[in-house]
Amino acid sequence: MRTPLIAGNWKMYKTSSEAIVLAKAIVKTLSTPDGTQVVICPPFTALAAVGQVVVGSRISLGAQDLHWAKEGAYTGEVSAEMLRDIGCRYVIIGHSERRQYFGETDEGVNKKCRAALASDLTPIVCVGETLAEREAGRAYGIVETQLKGALSGLLPEQVQRLALAYEPVWAIGTGRTATPSQADEMHAHIRKTVAMLVDAEIARSVRILYGGSVKSDNAKELLERSEIDGALVGGASLQADSFAAIAAAAKR
Ligand code: PGA
């Protein structure tokens, strides 16, 4: 009942012209609809160009961040409306790299979610613990706190429209994935937390993606788990073949 979602987070890679080449290759490789949704999230500077490439294809466009204000004197920032205007349908919010290097807080994540939803963008809200937190037995508590903060005050129908991404920080870019059962267990915990915070039915329908060193050779064992509804892919989304193989593994 939950449509699988595969999102490629290109991070700070690809100039506009390089992004066009990659996007074209992805559109070509993933031309046949197979019941999964696929999103690519290039850097801001390439969004408009990539938007032109994916138009009319099964690939949607997403951004990697946004500002919560509608407009204003916020040098360097980009609003939800600006993203919508150039064809974005999704936006990643609260990625651990933003939390770690740019001071993103749960409160900021919440404000960004509201802004995205108000402009009809689908937020992909990231949560996840660090290695130290996991080793101290605090992973579940940390993720719960992040969820509480992110979803605070959102209406059930708003929560239904977003996607969550569990991304253990120790698995991002490290080549070390959570085991399928570690991920599955955390996803079940996230679903339970959403049921508690929001509504049981919404919790059953909200999509929870896994992210952290998802590659073509481990995607299947992760994506076949019942609680894992898709993937947020970093490194492996920078090549059309590996990204397409991951998307194919999400087919139900
Ligand atoms: P990775 O990144 O696939 O390169 O580990 C995932 C992410 O940061 O979203």
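Rules and cut-offs
- Residues numbered from 1 in each chain as written.
- Predicted model: local features only at pLDDT ≥ 70, side-chain atom pairs only at ≥ 80, totals over all residues.
- Heavy atoms only, no water.
- Axes fitted to C-alpha atoms, helices over the stretch in contact; angles between N-to-C directions.
- Helix = DSSP H or I, 4+ residues; strand = E, 2+ residues; numbered from the N terminus.
- Parallel < 35°, antiparallel > 145°, perpendicular 65-115°, else oblique.
- Left-handed = near helix turned anticlockwise from the far one by under 90°.
- Contact = heavy atoms within 4.5 Å.
- Buried < 20%, exposed > 50% of the residue type's maximum accessible area, 1.4 Å probe, protein only.
- Salt bridge = Lys/Arg side-chain N within 4 Å of Asp/Glu carboxyl O.
- Polar contact = N/O pair within 3.5 Å; in protein donor to acceptor, adjacent residues only side chain to side chain.
- Near = heavy atom within 4 Å.
- Areas by Shrake-Rupley, 256 points an atom, 1.4 Å probe, with all protein chains shown as cover.
- Nonpolar A, V, L, I, M, F, W, Y, C, P; charged D, E, K, R; others polar.
- Pairing = 2+ DSSP bridges.

**A closer look at the packing of helix α5 (residues 106–118) against helix α7 (residues 139–151)**
Any two packed helices are characterised by the angle at which their axes cross and by the distance between the axes.
Step number 1: Taken N-terminus to C-terminus, the directions of α5 and α7 make an angle of 40 degrees; their axes are 7 Å apart at the nearest point. The pairing of α5 with α7 is recorded here as oblique in orientation. Relative to α7, α5 is oriented so that their crossing is right-handed. On α7, the residues touching D106, V109, N110 and C113 of α5 are T145, Q146, G149, A150 and L151.

**What about helix α2 (residues 44–54)?**
Helical geometry note: an α-helix holds 3.6 residues per turn, so side chains three or four residues apart project in the same direction.
Step number 1: Listed as buried for α2 are A46, L47, A49, V50, G51, V53 and V54.
Step number 2: The secondary structure elements touched by the buried residues of α2 are α1 (16–29), β2 (37–41), β3 (59–63), α3 (80–85) and β4 (88–93).
Step number 3: The positive-phi residue at the C-terminal boundary of α2 is G56, with phi of around 80 degrees.

**Considerations on the pattern of salt bridges**
Step number 1: Tallying each qualifying case throughout the model produces 12 salt bridges.
Step number 2: One salt bridge connects D229 with R2, and the closest N-O pair in it is separated by 2.8 Å. Of this pair, D229 sits in the loop between α11 (219–223) and β8 (230–233) while R2 is found in the segment before β1 (5–9), placing the two residues 227 residues apart along the sequence. For the pair shown, D229 and R2 are each scored as buried.
Step number 3: A salt bridge links D34 to R58; its shortest N-O distance comes to 2.9 Å. With a gap of 24 residues between them, D34 in the loop between α1 and β2 and R58 in the loop between α2 and β3 connect regions that are remote in the sequence.
Step number 4: Its relative accessible area of 17% is what places R58 among the buried residues.
Step number 5: Connected via shared salt-bridge partners are R2, R191, E227 and D229.

**Side note on the side chain of E104**
Step number 1: Summarising the element assignment, E104 is placed in the loop between α4 (96–102) and α5.
Step number 2: There is a polar contact of 2.9 Å between the side chain of E104 and the side chain of K112.
Step number 3: Setting aside residues no more than four positions away along its own chain, E104 makes contact with D65, G94, R98, R99, V109 and K112.

**Focus on the site of the ligand**
Step number 1: Within the structure, the ligand sits among 13 residues, and K11, H95, E167, G173 and S213 are positioned closest to it.
Step number 2: In the environment of the ligand, an oxygen atom lies 2.6 Å from a nitrogen or oxygen atom belonging to the backbone of G173.
Step number 3: For the ligand, an oxygen atom lies 2.8 Å from a polar atom in the backbone of G234.
Step number 4: In isolation the ligand has 280 Å² of accessible area, and contact with the protein removes 97% of it.
Step number 5: The class makeup of the residues in the shell around the ligand is 4 nonpolar, 7 polar and 2 charged.

**Things to note about the pairing of strand β6 (residues 163–166)**
Step number 1: Burial along β6 is two-sided: the face carrying A163 and A165 and the face carrying L164 and Y166 are both buried.
Step number 2: Relative to β6, strand β5 (residues 122–127) runs parallel, the two being bridged by 4 bridges. Looking at the pairing, C126 lines up with A165 of β6.
Step number 3: Note: β6 against strand β7 (residues 207–211), 4 bridges, orientation parallel.

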